Amino acid sequence: MPSITSKLERLMGKGSSSIAEGSSSIIPEVKQTKTKLNEDVEIDNQTPRRCNFSSARRLVSDLMSILFTREEMATSSLTTGRVSNAHSEKNAKPQLAQEKVNAIFDYVEAKMKTDRKNVKKYIQGKLHTEQKLFKLRNKFRE
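Fair warning: this is a prediction, and the values are worked out from it, not measured in the lab.

Enquirer: Teacher, can you tell me more about unusual backbone geometry here?
Expert: Negative phi values dominate among residues other than glycine, just as trans dominates among peptide bonds. Located in the positive-phi region is K113, a residue other than glycine, with phi close to 55 degrees. Within the secondary structure, K113 is located in the loop between α4 (98–112) and α5 (116–141). Under the relative-accessibility criterion, K113 is labelled exposed at 71%.

Now the structure itself:
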């Protein structure tokens, strides 16, 4: 009767298993490669597979959810924090990490053939949505 090790080797091919002689581990080796969004930011290779590539807006939304927390998106702005005259009593929001934002711009422009203006609009929309949801979540916690 063949052992589990020999069955696994036969199914996966002789050299592709991490099973050593006398080892009880039957977990195959998985290569952990990185996908570069741009020269500064890398994400694990499985992450882009979970992104929705049906539109640039959905891709931006998915990438932002991967690179930033909900709280970061809700309490930050895309540009440098300037306070408007209408809300001079409020503090300016801090800017999102610029290297991550630039990575989103570069990756979406390359993959979806869209321009920077539209990507910026999609990022601002995602930030606005997260800000509204953050307020609702905090309202119900009180």
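Enquirer: I tried to follow the nonpolar core on my own but got confused; where do I start?
Expert: Nonpolar side chains in soluble globular proteins generally cluster together in the buried interior. Within the largest apolar cluster, 24 residues are counted, with the highest numbers of intra-cluster contacts made by M64, I104 and I123. Listed by contribution, the elements that provide at least two residues to this core are α2 (56–67), α4 and α5. Setting aside its immediate chain neighbours within four residues, M64 contacts M73, L96, I104, I123, K126 and L127.

Enquirer: Help me out: how do you make sense of α2 in this one?
Expert: Since one α-helical turn is 3.6 residues long, residues separated by three or four positions face the same way. If you check α2, its first and last C-alpha atoms are 16 Å apart, about what 12 residues at 1.5 Å a residue would give, namely 16 Å. The set of residues buried in α2 consists of A56, L59, V60, L63, M64 and L67. Seen from one end, α2 has its buried residues packed into an arc of 130 degrees, which puts them on one side. Packing partners of the buried residues in α2 comprise β2 (42–44), α3 (70–74), α4 and α5.

Calculation notes
Residues numbered from 1 in each chain as written. Predicted model: local features only at pLDDT ≥ 70, side-chain atom pairs only at ≥ 80, totals over all residues. Heavy atoms only, no water. Helix = DSSP H or I, 4+ residues; strand = E, 2+ residues; numbered from the N terminus. Buried < 20%, exposed > 50% of the residue type's maximum accessible area, 1.4 Å probe, protein only. Core = buried A, V, L, I, M, F, W, Y, C linked by side-chain atoms within 4.5 Å. Contact = heavy atoms within 4.5 Å. Expected span 1.5 Å × (residues − 1). Arc of directions from axis to C-beta.

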